[in-house]
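The primary structure of each chain is shown beneath.
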Amino acid sequence: MTAAHHILEHTFGYTEFRGSQQDIIDTVISGGDALVLMPTGGGKSLCYQIPALVREGCAVVISPLIALMQDQVEALRQLGVRASFLNSTLAADAAQQIESALLNGELDLLYIAPERLNQERTLGLLQRATIALFAIDEAHCVSQWGHDFRADYLRLSVLHEVFPAVPRIALTATADARTREEIVQRLDLGSARQFISGFDRPNIRYRIALKHNAKSQLLRFLKEEHPNDAGIVYCLSRNKTEQTAQWLKAEGFNALPYHAGLPSTLRATHQSRFLREDGVIIVATIAFGMGIDKPDVRFVAHLDLPKTVESYYQETGRAGRDGEPADAWMIYGLQDVIKLRQMMENSEGSEEHKRAEQHRLNAMLGLCEITTCRRQALLNYFGDALVAPCGNCDTCLQPPDTWDGTEVARMALSACHRTGQRFGVNHLIDVLRGSEADKVLQNDHHQLSVYGVGAALDNNQWRSVFRQLVARGYLSVDMERFGALRLQEKCRPLLRGEETMQLRKDIKQPAAAKRQTRSRLPDDLDVALWEALRDRRRTLAEDQGVPPYVIFHDSTLQEMCANMPQSMGEFARISGVGERKLEKYGGEFLQVINAHLAATQA
Ligand code: ADP
Ligand code: ZN
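In this text the structure is predicted, and so the values were computed from the model without any measurement.

1. A closer look at the packing of helix H2 (residues 21–29) against helix H3 (residues 44–54)
With their axes 9 Å apart at the nearest point, H2 and H3 run at an angle of 40° to one another. Put simply, H2 runs oblique to H3. Regarding H2 and H3, the two cross each other, and that crossing is right-handed. Contact residues: Gln 21, Ile 24, Ile 25, Val 28 and Ile 29 in H2; Leu 46, Cys 47, Ile 50, Pro 51 and Val 54 in H3.

Next up, the structure:
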């Protein structure tokens, strides 16, 4: 058995490497550089943690996630690995102690914030130590294209200059090719081996539904599918996160707001409660979540539309890192489309930049309106192919109908044209439906040929038509004129009768409503034992001030339920039980299992 495999089994308690882990680990152990692109939950950490233990000296992990360093280090210590971190939260004497441990060869892994590494002093310190490797986590932070750019990351190329013989491994879950090129170039990783895994997250179920009553839709989703689960609800504005959190609390959920405008101590408290307590819901702006390591986030809900497919994929990707079933759930409507289109048109920056933004938004809208498999579309966007429809997204589970909307689309466009492209959607619908509203009469719009031609469709149906026309770029939204709709070049073929248009029939009840409550837990799970094990885990976690998943993951507890080990030997065979955890917790959990058996067999 190789040294790496030995550590996998004895320290981590796993039996096999996943995907390309073995190759990556071998590369780094033998001194080579590596660039690793792996989806969230793919198992990136082992790729540097195992080489850290095999190679001589201490591995230095550069990570921007200061708030999480403590938990990452704690998780390693639970395995008996000698890990520490250096960042600005440490007092001077604590930092001093860690520095001497490093110099004395008493550390296997040291997590460092990038700004710290850029200080001459720290570089000097590392030069006096034996360094096993450098791991650059969240490597996409070096890219100005990405959304998480950190100026501190730019200076990391210094590592290669100062330590030419120490292997480097850069890791990220960010998919696109441009970011990848930038990482290679800026970190001087031209000769690194690249390990690019597919980006699919098969355990995540993607659903995007029409927004009709956001609150009741969200409530229903949470009550029916995630009554006690941890999850994230994303909103666009700070205000809305606070209101939504408050309202969810009143509805009996353990919900907390998170946005950049909250005092930093409160933010830290909320983040830590999310990590440490079971079943907390965070209602957040996009300020929340980068690198959130919590493995058991069961859902990510979007109440507002993200601006790009990249953000959507990154945000939804925070669900289900542990590989267990998780939901990515979003609702959106005409107002979201209009709002985002307006924001883009009004944004600062060059024409080229605006065009690029529009392009990205179009892709996002396309994903919302698509009538085929969402996962195929998502993966295709990132240059990854999925041959067959996935069977685990809403369009696969409940295929939407389409209808020939050519005639009504022409009516809508012509209403826009005849009213001088100066009016918003509500007025246009009034005209089409033959309303006698003041605004219609005052503008003499009851005299137009389009007046009343669309009476056969109700208000919602018309909104659906307009939404799809805006989403597909047939109509634009004029910011200067309070959301007036304008015809785009793209309309011509349709108006000339050279093109037809298939529209998506909106599903009244989003896919969720039809499904019975789906439990992620196995059907034959012994719930009483499961709860008892979770209780014991909670107590142990509280005693040590660590998140419960640091003790054992849910999947490890589930395996305990299924196998009911009754000796240390049997307990050791559960996945996720390494030597240290066996010694530390085996007795405690065996006791719970035995008590349960005694109670049920009596
Ligand atoms: P990433 O950093 O890529 O998002 P992690 O390194 O956090 O993913 O790993 C995700 C989960 O998978 C963790 O719970 C980890 O313990 C588990 N894991 C990683 N590699 C293996 C493996 N070879 N066998 C079993 N579980 C693994
Ligand atoms: Zn699908």
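2. Quick notes on the pattern of salt bridges
Enumeration over the complete set of coordinates arrives at 27 salt bridges. When the shortest N-O distance is used, the salt bridge between Asp 71 and Arg 276 registers 2.6 Å. With Asp 71 in helix H4 (residues 66–78) and Arg 276 in helix H13 (residues 264–276), the pair connects residues that are 205 residues apart, well separated along the chain. With a relative accessible area of 7%, Asp 71 lands in the buried category. Each of Lys 211, Lys 240, Asp 304 and Asp 336 takes part in salt bridges that share partners, so that together they form one network.

3. Describing the pairing of strand S2 (residues 58–62)
The two faces of the sheet receive side chains in turn, since in a regular strand these alternate between them. Of all the 5 residues making up S2, 5 are buried; the element is thus mostly covered by neighbouring parts of the structure. Of the two faces of S2, the one carrying Cys 58, Val 60 and Ile 62 and the one carrying Ala 59 and Val 61 are both buried. Bridge count for S2 against strand S5 (residues 131–136) is 5 bridges, and the pairing is parallel. Along S5, the bridge assignment pairs Val 61 with Ala 135.

4. Notes on the side chain of Thr 285
Tracing the backbone shows Thr 285 in the loop between strand S11 (281–284) and strand S12 (299–302). Sequence-distant contacts of Thr 285, defined by excluding residues within four places in its chain, comprise Tyr 234, Cys 235, Leu 236, Ser 237, Arg 238, Thr 241, Tyr 258, His 259 and Ala 260.

5. Focus on the coordination of the zinc ion (ligand 2)
Those donors, Cys 373 (SG), Cys 390 (SG), Cys 393 (SG) and Cys 396 (SG), are the protein atoms that reach the zinc ion (ligand 2), and they lie 2.3 to 2.4 Å from it. Metal-centred angles of 101 to 119° between the 4 donor atoms at the zinc ion (ligand 2) mark the site as tetrahedral.

6. Notes on the site of ligand 1
Surveying the vicinity of ligand 1 reveals 15 residues, the closest of which are Tyr 14, Gly 41, Ser 45, Arg 321 and His 553. In the environment of ligand 1, an oxygen atom lies 3.1 Å from a nitrogen or oxygen atom belonging to the side chain of Arg 18. Here Arg 321 contributes a side-chain N or O atom positioned 2.4 Å from an oxygen atom of ligand 1. For the shell around ligand 1, the element with the most residues is H3, which contributes 3 residues. When its residues are assigned to classes, the shell around ligand 1 shows 4 nonpolar, 7 polar and 4 charged.

7. Considerations on the confidence of the model for the chain
Counting all residues, the mean pLDDT for the chain is 90, and 96% of those residues have values of 70 or more. This model gives residues 513–518 a pLDDT under 50, and the stretch forms 11 contacts once residues within four places in sequence are excluded.

The rules behind the values
Residues numbered from 1 in each chain as written. Chains lettered and ligands numbered in written order. Predicted model: local features only at pLDDT ≥ 70, side-chain atom pairs only at ≥ 80, totals over all residues. Heavy atoms only, no water. Axes fitted to C-alpha atoms, helices over the stretch in contact; angles between N-to-C directions. Helix = DSSP H or I, 4+ residues; strand = E, 2+ residues; numbered from the N terminus. Parallel < 35°, antiparallel > 145°, perpendicular 65-115°, else oblique. Left-handed = near helix turned anticlockwise from the far one by under 90°. Contact = heavy atoms within 4.5 Å. Salt bridge = Lys/Arg side-chain N within 4 Å of Asp/Glu carboxyl O. Buried < 20%, exposed > 50% of the residue type's maximum accessible area, 1.4 Å probe, protein only. Pairing = 2+ DSSP bridges. Donors = N, O, S within 2.8 Å, 3.2 Å for Na, K, Ca; no water. Tetrahedral: all angles 85-135°; square planar, octahedral: opposite > 155°, others 65-115°. Near = heavy atom within 4 Å. Polar contact = N/O pair within 3.5 Å; in protein donor to acceptor, adjacent residues only side chain to side chain. Nonpolar A, V, L, I, M, F, W, Y, C, P; charged D, E, K, R; others polar. pLDDT = per-residue confidence, 0-100.

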